[in-house]
Amino acid sequence: MQHQADFQNERRWLAYDLLCGLLGETHPLWDYLIRSGATPEELLWFRENPCPPDVIGVDYYLTSERFLDERRERYLDHHCNATHADIEAVRVYHNHSGIKQLLRETWERYGLPIAVTEAHLGSSREEQLRWFEEIWEAAEEVKAEGVDMRAVTSWAALGSYDWNILHTEFRGYYEPGAFDVRSPVPRPTALARVLRARAQGVPPEHPSLASPGFWRRPDRFFYPPVGTPGPVPAARGPVRPCWCWARAGWGRWWLGCVTTAGSSTAC
């Protein structure tokens, strides 16, 4: 499984390696590309004609980091393929990298300006706020370290339909973004207020931000977790109080990493 993890971790960079002229005979994927039908002349053309982007745009989702395990019997069928289990690392692994480490890796590899071009979570509004704030704070932290961070984008501002199945079918499933467009006039969501605060340079205030996102809580696991447990997330604050009531009702390049069971070096 380590070979598969190493391969996937290299392949995630391939598009930008080509654009930046980094692909030569010593590249880890050179032999793979030749076996797949590319010629040496075609591949070296990219090295001789680099066209690096002005800004590298990266998308990061909870599903971006994967955990691979050859012990298929430990997992439900829908998390397995013919050879191994492939599941979101956050659901079984204590030590997933997180956006901060992956932004550092991108900077170290390319040294180009970076923007997080999709910061979206298809979940409750409270979890959407926590997700955006975690990415924003990670961007601020790596910027303070010297990374040339240019932006964090709240995609999709108007929400999206059927993004949970990557548009492979039309089911009409809608996920709001900064605005909810299911009414005649787009309605600003709680996320819009957080974005407004960040655009104005002030910390957002919302009671949900006092708690960690579910991806940081111990109840996130679908299976007995592996890895080393980290520290319990601290509560954030201060936040303003609010009145509460009950109511019935309710890609691009994927920046991530692959971890294998029993490995401490992947990602």
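Residues numbered from 1 in each chain as written. Predicted model: local features only at pLDDT ≥ 70, side-chain atom pairs only at ≥ 80, totals over all residues. Heavy atoms only, no water.

> Please provide a residue-by-residue account of the sheet that holds strand 1 (residues 56-59), values included.
The strand order 1-4-5 describes an open sheet built from three strands, whose pairing is parallel. Both outer strands of the open sheet, strand 1 and strand 5 (149-152), are each paired with one neighbouring strand and no more. Recorded for the sheet is a direction-independent mean angle of 25° between the axes of neighbouring strands. Inspection of the sheet shows strand 1 paired to strand 4 (residues 114-118) by four bridges, in the parallel sense. When the sheet's bridge partners are listed, Ile56 is paired in strand 4 with Ile114. The strands that helix 6 (residues 125-144) touches are strand 4 and strand 5; relative to strand 5, the one it contacts most, it runs at about 170°. (Pairing = 2+ DSSP bridges. Helix = DSSP H or I, 4+ residues; strand = E, 2+ residues; numbered from the N terminus. Axes fitted to C-alpha atoms, helices over the stretch in contact; angles between N-to-C directions. Contact = heavy atoms within 4.5 Å.)

> So what about the pattern of salt bridges? Which residues, and what values?
In this structure the tally under the stated criterion is 20 salt bridges. One salt bridge connects Arg104 with Glu145, and the closest N-O pair in it is separated by 2.8 Å. Taken together, the residues Arg104 in helix 5 (residues 99-110) and Glu145 in the loop between helix 6 and strand 5 connect sequence positions 41 residues apart. By relative accessible area, which is 46% here, Glu145 ends up partly exposed. In this structure, Glu127 engages Arg130 in a salt bridge whose closest nitrogen and oxygen atoms are separated by 3.2 Å. A residue pair is termed a helical-turn pair when its members lie 3 or 4 positions apart in one helix, as Glu127 and Arg130 do in helix 6 at three residues. Per residue, the accessibility class of Glu127 equals that of Arg130, and both read buried. Residues joined in a network through salt bridges with shared partners are Lys100, Arg104, Glu141 and Glu145. (Salt bridge = Lys/Arg side-chain N within 4 Å of Asp/Glu carboxyl O. Buried < 20%, exposed > 50% of the residue type's maximum accessible area, 1.4 Å probe, protein only.)

> Summarise the confidence of the model for the chain; cite the residues concerned and give the values.
For the chain, per-residue confidence averages 87 on the pLDDT scale, and residues scoring 70 or more make up 87% of the total. The element-level mean pLDDT for the chain is lowest in strand 10 (residues 258-260), coming to 53, with helix 3 (residues 30-35) highest at 98. Counted against residues more than four places away or in other chains, residues 238-256, with its pLDDT under 50, gives 42 contacts. Within the model, pLDDT remains below 50 along residues 262-267, and this stretch shows 15 contacts once partners closer than five positions in the same chain are excluded. (pLDDT = per-residue confidence, 0-100.)

> Provide a residue-level description of the packing of aromatic side chains, including the pertinent values.
Enumeration over the complete set of coordinates arrives at 13 aromatic pairs. Between the aromatic rings of Trp155 and Trp163, the centroid separation amounts to 5.2 Å while the plane-to-plane angle is 65°, which identifies the pairing as edge-to-face. For Trp163, a relative accessible area of 15% translates into the label buried. With 5.5 Å between their ring centres and 80° between their planes, Phe214 and Trp215 make a pair best called edge-to-face. The class of Phe214 is buried, set by a relative accessible area of 14%. Taken together, Tyr60, Trp131, Phe214 and Trp215 form an aromatic cluster joined through their ring pairs. (Phe/Tyr/Trp six-rings, centres within 6.5 Å; stacked < 30°, edge-to-face > 60°.)

> So what about the packing of helix 6 against helix 7 (residues 190-199)? Which residues, and what values?
Close contact between helix 6 and helix 7 brings their axes to 9 Å; oriented N to C, the two are set at 20°. In terms of axis orientation, helix 6 runs roughly parallel to helix 7. At the point where helix 6 passes helix 7, the crossing takes the right-handed sense. When helix 6 is examined against helix 7, the residues Arg125, Gln128, Leu129, Phe132, Glu133, Trp136, Glu137 and Glu140 are found in contact with a partner set consisting of Ala190, Leu191, Val194, Leu195 and Arg198. Per-class residue counts for the contact of helix 6 with helix 7 are seven nonpolar, one polar and five charged. (Parallel < 35°, antiparallel > 145°, perpendicular 65-115°, else oblique. Left-handed = near helix turned anticlockwise from the far one by under 90°. Nonpolar A, V, L, I, M, F, W, Y, C, P; charged D, E, K, R; others polar.)

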